[in-house]
Amino acid sequence: MATMGPWSRVRMVKCQMLVTSFFVLLLGLSMATLAALTYYGAHFAVIGHASSDKTPYEAMHRWTFYAGISLAGLLTVGAVLGAAATMREAGGLMAGGFLCFALVFGALVEVAFWRFHNPTQVEDAVLDTYDLVYDQAVKNVSGTPQQQLVAIQDTFLCCGKNSPFSLLGDLEVSLCQGEEAARQDCLVGIRSFLRMYGNIASILTGIGLAAMVYAMLLSSFLWFAIRSGCSLDRKGKYTLSRRAPDCQPQEPSFFRHSPEWPVLQHPTEVDVPHGHLGASSPSGGPQLLQDS
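Position numbers for residues count from 1 along each chain, tracking the sequence in the order it is written. The predicted nature of this model means local features are confined to residues of pLDDT at least 70 and side-chain atom pairs, given and counted, to a pLDDT of 80 or more, with totals for whole chains, interfaces and linings taken over all residues. Where side-chain values are given, they derive from all heavy atoms of the structure, hydrogens and water being excluded.

### So, the nonpolar core
Phase 1 of the analysis: Residues grouped as a nonpolar core are buried Ala, Val, Leu, Ile, Met, Phe, Trp, Tyr and Cys residues, joined through side-chain atoms within 4.5 Å. Each residue gets one of three labels from its accessible area relative to the maximum for its type: buried under 20%, exposed over 50%, partly exposed in between, using a 1.4 Å probe on protein chains only. Grouped together as the largest cluster of nonpolar side chains are 48 residues, with contacts concentrated most on Tyr130, Ile152, Phe156 and Met212.
Phase 2 of the analysis: Secondary structure follows DSSP: runs of H or I at least 4 residues long count as helices, runs of E at least 2 residues long count as strands, and numbering of each begins at the N terminus. Looking at this core, the elements that each hand over two or more residues are helix H1 (6-40), helix H2 (42-50), helix H3 (56-88), helix H4 (91-117), helix H5 (121-139), helix H6 (144-156) and helix H8 (186-227).
Phase 3 of the analysis: Here this core takes 14 residues from H8, the largest share from any one element.
Phase 4 of the analysis: Contacts between residues were defined by any pair of non-hydrogen atoms, one from each residue, lying within 4.5 Å. When neighbours within four sequence positions are excluded, Ile152 is seen to be in contact with Val46, Ile47, Ala50, Tyr130 and Val133.

### Some remarks on the layout of surface pockets
Phase 1 of the analysis: Cavities and pockets were defined on a 1 Å grid built from protein atoms only: a cavity is a group of points that admits a 1.4 Å probe but offers it no way out, a pocket is an open group of points flanked by protein on both sides within 12 Å along at least five of seven lines, and a lining residue is one with an atom within 4 Å of any such point. Grid points are joined across faces, edges and corners, and a volume is the space filled by probe spheres set on the points. Space inside the largest pocket adds up to approximately 680 Å³.
Phase 2 of the analysis: Together, 29 residues line the largest pocket, and Thr64, Val111, Trp114, Tyr197 and Ala201 are the ones closest to its centre.
Phase 3 of the analysis: Looking at the lining of the largest pocket, the elements with two or more residues in it are H1, H3, H4, H5 and H8.
Phase 4 of the analysis: Just so you know the grouping, Ala, Val, Leu, Ile, Met, Phe, Trp, Tyr, Cys and Pro go in nonpolar, Asp, Glu, Lys and Arg go in charged, and all remaining residues, Gly too, go in polar. A breakdown of the residues in the lining of the largest pocket according to their chemical character gives 19 nonpolar, seven polar and three charged.

### Quick notes on the side chain of Thr38
Phase 1 of the analysis: Residue position: Thr38 is located in helix H1.
Phase 2 of the analysis: Note on Thr38: relative accessible area 6%, which makes it buried.
Phase 3 of the analysis: Leave out the neighbours within four places in its chain, and Thr38 touches Phe44, His61, Thr64 and Tyr197.

### Some thoughts on the state of the cysteines
Phase 1 of the analysis: Pairs of cysteine sulfur atoms within 2.5 Å are identified as disulfides in what follows. Summed over the entire model, instances satisfying the criterion amount to one disulfide.
Phase 2 of the analysis: Residue Cys158 pairs covalently with Cys186 via a disulfide, S to S 2.2 Å. Negative torsions about the S-S bond denote left-handed disulfides, and the value of about 95° found for Cys158 with Cys186 makes this one right-handed. Taken together, the residues Cys158 in the loop between H6 and helix H7 (170-174) and Cys186 in helix H8 connect sequence positions 28 residues apart.
Phase 3 of the analysis: Residue Cys158 is classed as buried on the basis of its relative accessible area, which comes to 0%.
Phase 4 of the analysis: For Cys186, a relative accessible area of 0% translates into the label buried.

### Describing a nonpolar patch on the surface
Phase 1 of the analysis: Patch construction takes residues with relative accessible area above 30% that form no salt bridge. Like charges are linked within 9 Å, and nonpolar side chains (Val, Leu, Ile, Met, Phe, Trp, Tyr) are linked within 5 Å. In this description, accessible areas are obtained by the Shrake-Rupley approach with a 1.4 Å probe, and a residue is regarded as covered only by the protein chains that are shown. A pairing counts as a salt bridge when a side-chain nitrogen of Lys or Arg comes within 4 Å of a carboxyl oxygen of Asp or Glu. Residues Phe22, Leu26 and Leu29 make up a contiguous nonpolar surface patch of roughly 300 Å² in combined accessible area.
Phase 2 of the analysis: Along the chain, Leu26 falls in helix H1.
Phase 3 of the analysis: By relative accessible area, Leu26 is classed as partly exposed at 38%.

### Some points on the pattern of salt bridges
Phase 1 of the analysis: Summed over the entire model, instances satisfying the criterion amount to four salt bridges.
Phase 2 of the analysis: With a shortest N-O distance of 3.5 Å, Glu58 and Arg62 are connected by a salt bridge. Remark: Arg62 and Glu58 occur in helix H3; sequence separation between them is four residues, near one turn of the helix.
Phase 3 of the analysis: The class of Glu58 is buried, set by a relative accessible area of 11%.

The structure is reproduced here in structure tokens:
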């Protein structure tokens, strides 16, 4: 089996870099979509409307949106720079793409670390908001908290929450009547939705970490290849540069005059009386052949 040459390796890495850049671009679009759903989605929006600005959920909600949009922007810029650098073989663009990939990798490592040590922080913040709205709705049935509670229950398709002691008051029972009473507990419904959403975010985080490691390896290899002059598109091609007006063309070295060789002198009519020219004399002039 024939071994793969250096040019074939670089060509293969360039193809992989283009495919990886396209995949990173799709990953950036996915993260942007997830961030938009986190901020503008019906489930999170109804919880955000019911919570106040001083609750932990509101601060976490904004932080999640801005972090997702920032990661999506870095992924998009890195993918565009990586693809452009691969096509144009530009070391500066490739270095910029590597920097974007490294920043995204560091941010995803931080997200994964936070997710590992605080797996229920988002869930607890949302459930605390629902508990607050629920308690206010029980105390004030005809006020704004009642409308907020109804909106939350209609969005998550749930109703009320079970008491730890299985004893509900008349006001709590009145919140879920008719078809709404057949719905699941809101604590269970909200928790299941957040866990499904968290699993999707964890999958995207894991895919992003693997993609960033692979993209950094490819971009660093291509950067060194570009710096060392391994250009596939320029292999076998030569650039003709314009010659300066005062520069005279130089004759090949084979025909140049060497100081060690004797200089041939053209014979004159005096040196050639009979029209025969012989070998050169030791003095450097031509030697004439005499008729015997």
